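A closer look at the structure
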Amino acid sequence: MLTRRNLSLAAAAALLAGGAAIAQGAGPVVDQPAPDFTVKDADGQTRSLSQYKGKTVVLEWTNHECPYVKKHYSGNMQALQREATREGVVWLSIVSSAPGQQGHVTGAQAKQLTASRNASPTAVLLDPDGRVGRLYGAKTTPHIFVVSPQGRLVYAGGIDDVPTPRVEDLERAKPLVRLALADVKAGRKVGIPVSRPYGCSVKYSAA
């Protein structure tokens, strides 16, 4: 016989499972090899995920016009980028907005945004055809993936667990990406490997 407590536990488990399914979508699976890709950065330089084998890599989908991205670029994202890159993490910000869509930028515009916001990614990758975004099943901006030095996907989901565009909510949020990076640095299995991403939808080109 199901008790109220058992029903509550079952509902909570279903919610977590649903969140994991949404976060993963059609993209790669956590604990499996992260798909390699090759794409141009804002300077026109070719970048591949495989060139960073041996380093922890963060893939951050972004759209500077999205209010959820603006929330985190009030200082939170920049601080996390600086902390991570100081520890040797490679931070790749990826723009998958198609030409004519919200958030689309040229290389020059991407570099200007990085400078004006005092952001500190290793590189900004331009993915206007959405090939890399679709490969990873990126759904929102921000949507963040962490790849281990061994080349395995160890985190996929939101930057934190408070899905609002309000800057004041940063103080009460659990910093999921920061926690995942701390686990990787310590050689631990990531405690929360999948979470529900939130933000604006990625503005892909028509399929």
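All of the points below concern the structure found in this document. Remember, it's a predicted structure, so these values are computed and weren't measured experimentally. Residue indices follow the written sequence of each chain, beginning from 1 at its first position. Reporting in this predicted model follows two pLDDT cut-offs: at least 70 for local features of residues, and 80 or more for side-chain atom pairs to be given and counted; totals over whole chains, interfaces and linings ignore these cut-offs and use all residues. Water and hydrogen atoms were dropped before computing side-chain values, which therefore reflect all heavy atoms in the structure.

Here's the deal with the sheet that holds strand E4 (residues 90-95)
By definition, two strands form a pair when at least two bridges between them are found by DSSP. In this text, helices come from DSSP runs of H or I with a minimum length of four residues, and strands from runs of E with a minimum of two, each type numbered from the N-terminal end. One open sheet holds the five strands; their spatial order is E5-E4-E3-E7-E8, and the pairing between them is mixed. Sheet topology places strand E5 (123-126) and strand E8 (153-157) at the edges, where each strand pairs with a single neighbour. Strand-to-strand twist across the sheet, computed as the mean angle between neighbouring axes with direction ignored, equals 20 degrees. In what follows, residue pairs with any heavy atoms lying within 4.5 Å of each other are defined as contacts. All axes are obtained by fitting lines to C-alpha atoms, using only the stretch in contact for helices, and the reported angles, taken between N-to-C directions, cover 0 to 180 degrees. Each of strand E3 (57-61), strand E7 (143-147) and E8 touches helix H6 (residues 176-186); the most contacted strand, E8, lies at about 175 degrees to it.

A word on unusual backbone geometry
Thr141 connects to Pro142 through a cis peptide bond whose omega is 0 degrees. You can see Pro142 is positioned in the loop between strand E6 (140-141) and E7. For Asn118, which is not glycine, the phi dihedral falls at a positive 55 degrees. The residue Asn118 is located in the loop between helix H4 (107-116) and E5 in this model.

Digging into the packing of aromatic side chains
In summary, the pairing rule links any two rings of Phe, Tyr or Trp, Trp by its six-membered ring, whose centres are within 6.5 Å, and it sorts them by plane angle into stacked for under 30 degrees, edge-to-face for over 60 and tilted for everything else. Applying the stated criterion to the full structure yields five aromatic pairs. Ring centres 5.5 Å apart and planes at 75 degrees place the aromatic pair Trp61 and Phe145 in the edge-to-face group. In this pair, Trp61 is assigned in strand E3 and Phe145 in strand E7, connecting sequence segments 84 residues apart. The exposure classification of Trp61 matches that of Phe145, with both residues buried. Chaining the aromatic ring pairs together yields one cluster made of Phe37, Trp61, Tyr136 and Phe145. The ring of Tyr73 has Arg117 lying over it, and the distance from NZ or CZ to the ring centre is 3.9 Å. Relative accessibility thresholds used throughout: buried, under 20% of the residue-type maximum; exposed, over 50%; partly exposed, between the two (1.4 Å probe, protein chains only). By definition here, charges over rings are those cases where NZ of Lys or CZ of Arg is within 6 Å of the ring centre and within 35 degrees of the ring normal.

Remarks on the state of the cysteines
Disulfide assignment relies on a single distance test, namely cysteine sulfur atoms paired within 2.5 Å. For the structure shown, the criterion picks out one disulfide. For Cys66, the disulfide goes to Cys200, at an S-S distance of 2.2 Å. Its S-S torsion of about 90 degrees marks the bond between Cys66 and Cys200 as right-handed, since a negative value means left-handed. A residue pair is termed long-range when its members are at least 10 positions apart, and Cys66 in the loop between E3 and helix H2 (67-72) and Cys200 in strand E9 (residues 200-201) qualify at 134 residues. For Cys66, a relative accessible area of 0% puts it in the buried group. Looking at Cys200, the relative accessible area reads 13%, which means it is buried.

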